[in-house]
Amino acid sequence: MNQKLREKIMESLSAVLPITGIVLVLSILLVPLKLSTMFMFLTGAIMLVVGMGFFQLGAEMSMTPLGEGIGVQISKTRRIALIIGIGFAMGMIITISEPDLQVLAGQVPSIPNMTLILTVAVGVGLFLAVAILRIIFQINLSTILIVFYIALIVLSFFVPKEFMAVAFDSGGVTTGPMTVPFIMAMGVGLALVRGDKNASSDSFGLVALSSVGPVLAVMILGCFFRPAQAAYSAYEVADVITTRDLLWEFLTSMPPYIKEVLVSLVPVIAVFAIFQFLSRRYQRRQVKRISIGLGYTYIGLVLFLCGVNVGFAPIGSFLGSEIASAGWRWLLIPIGMLIGYYIVKAEPAIQVLNHQVESVTNGAVSASAMNRCMSIGVSVSVGLAMLRVLTGLPIYLIIIPGYLIALVMSRFVPKMFVGIAFDSGGVASGPMTSTFLLPLSIGACEALGGNLMTDAFGVVALVALTPLIAIQIMGIQYQLVLRKGSDAEPAARREIVFVDDDIFDFEEEEEDDGQS
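Residues numbered from 1 in each chain as written. Predicted model: local features only at pLDDT ≥ 70, side-chain atom pairs only at ≥ 80, totals over all residues. Heavy atoms only, no water.

Quick notes on the overall build of the protein
Then comes step 1: Within the protein one finds 20 helices and 2 strands.
Then comes step 2: Counting across all 516 residues of the protein, residues that qualify as buried make up 56%.
Then comes step 3: Sequence-distant contacts, at least 24 apart, represent 84% of the contacts inside the protein between residues at least 6 apart.
Then comes step 4: Of the roughly 21400 Å² that the protein leaves accessible, carbon and sulfur atoms contribute 64%. (Helix = DSSP H or I, 4+ residues; strand = E, 2+ residues; numbered from the N terminus. Buried < 20%, exposed > 50% of the residue type's maximum accessible area, 1.4 Å probe, protein only. Contact = heavy atoms within 4.5 Å. Areas by Shrake-Rupley, 256 points an atom, 1.4 Å probe, with all protein chains shown as cover.)

Rendered as structure tokens:
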């Protein structure tokens, strides 16, 4: 096996083991599962681990260099109309290719799938173009986010309550495993050409702005679209008896994902082919590497989506339903928080973002610190989501104050951390959220007899919210540490210099201009 692939699979294994362990413990202590159901779950977990490994390696080999290359080429042109056109087209293509959006669209009962997908794609396309212009013209990210989120908050008062949660969920799912590596790399490519002192901090923020567009687009759709009520088709746990039945269940469930991921990747492959034909940017060896990377991405996403949807999502819905209908329904909150803490580690796009942040900040912000901060934020998010399911608390009472706090904090946090924080919110709400936490919420809501559109949906939106605050708190702490370090710097510095076997002790006064 490829050494790099082995490393990625081991990373995925360490990320998925905790959530698998939680489900096993719950099956023993609270919700007994049949052995056939448990084997379905464990098989799904294995497919998830292998799929994540292939996907992460594939994204590193293909989506990242492609996005960076397009970002560099865009920066070299000063034709605004062309920049807007490319940004809009790429946003549309990548969004329609996003598997997370397909998952969400299939779970929203009252809006036709294609209506929701195209609405979201237009929103992402427009705002990706805005995000590219922001980097080129060096517009402050905090300022532009405040303007758009205020518009979003004002518009929310005119939107039917049935659309509120779905609108905010749409902003979360658009930044998933296909979108994030490409958009993040495009930001890096745009900033590379600039090369000024603010370039690295400005490379973040494309994901953040791309998450705002779908929310506004779906809200506007809600003001004009009157959906017909439709029944939600719940996940069903397959009843298998033998190992052959188990294998057959996954094999027969795989063809739709083979087709879905292929349809998702064809536009991306077309973009790569056209871009290479026009720019001749990549050498033959690089073209081969990107092509292999796209193959790995395809294999990884097929295994990932099949494993999650056949093995993970049905168990999530079943657990939510059983816990909510029992006498210990309030345990949903701590259980949800525990699951939220670990489930974010299994999001493929999170690992891409964390390592990119560590690289851009030269290790000042480590991937482990990002993981820990994100886990705490998502844990709080899921706890709030379960509270909403149990009480029917309107989502705007959490979302609007949360975004206001995040926006106020953005005025006091280093620029880089503002971009990282708002990007983190988007990538935290990936496939694991939409295919495990959302079914968990829906299962609990159905068992309690609640309104799916207002009470169950919104978990993705809350998962996307709390990292905004958590990462910015980390940014403030980072700023305080730097300030304390500079204040504690002594007036005189001592240097020990070794020359052959002799030791020379130099003392430098601050007035000496650094000469000894």
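Past the structure itself, the notes keep going.
Digging into the packing of aromatic side chains
Two descriptors summarise a pair of aromatic rings, namely the distance from one centre to the other and the angle between the planes of the rings.
Then comes step 1: The full count for this structure, using the stated rule, is 8 aromatic pairs.
Then comes step 2: With 4.8 Å between their ring centres and 65° between their planes, Phe127 and Phe148 make a pair best called edge-to-face. In this pair, Phe127 sits in helix 5 (residues 113–136) while Phe148 sits in helix 6 (residues 141–156), placing the two residues 21 residues apart along the sequence. Take Phe127 and Phe148: they sit in the same class, and that class is buried.
Then comes step 3: Centre to centre, the rings of Tyr149 and Tyr403 are 4.6 Å apart; their planes meet at 25°, and the pair counts as stacked. Remark: Tyr403 occurs in helix 16 (residues 396–409) and Tyr149 occurs in helix 6; sequence separation between them is 254 residues. (Phe/Tyr/Trp six-rings, centres within 6.5 Å; stacked < 30°, edge-to-face > 60°.)

What about the packing of helix 3 (residues 80–96) against helix 5?
Then comes step 1: Interaxial distance between helix 3 and helix 5 falls to 7 Å at its minimum, and their mutual angle equals 140°. Here helix 5 runs oblique to helix 3, going by the angle between their axes. Handedness of the crossing formed by helix 3 with helix 5: right-handed.
Then comes step 2: The residue inventory of the contact of helix 3 with helix 5, partitioned by class, reads 19 nonpolar, 4 polar and no charged. (Axes fitted to C-alpha atoms, helices over the stretch in contact; angles between N-to-C directions. Parallel < 35°, antiparallel > 145°, perpendicular 65-115°, else oblique. Left-handed = near helix turned anticlockwise from the far one by under 90°. Nonpolar A, V, L, I, M, F, W, Y, C, P; charged D, E, K, R; others polar.)

Overview of a nonpolar patch on the surface
Then comes step 1: A cluster of nonpolar side chains, contributed by Ile80, Ile84, Phe137 and Ile139, occupies part of the molecular surface with about 330 Å² of accessible area.
Then comes step 2: With respect to the element layout, Phe137 can be found in the loop between helix 5 and helix 6.
Then comes step 3: With a relative accessible area of 48%, Phe137 lands in the partly exposed category. (Patch = residues over 30% accessible without salt bridge, like charges linked within 9 Å, V, L, I, M, F, W, Y side chains within 5 Å. Salt bridge = Lys/Arg side-chain N within 4 Å of Asp/Glu carboxyl O.)

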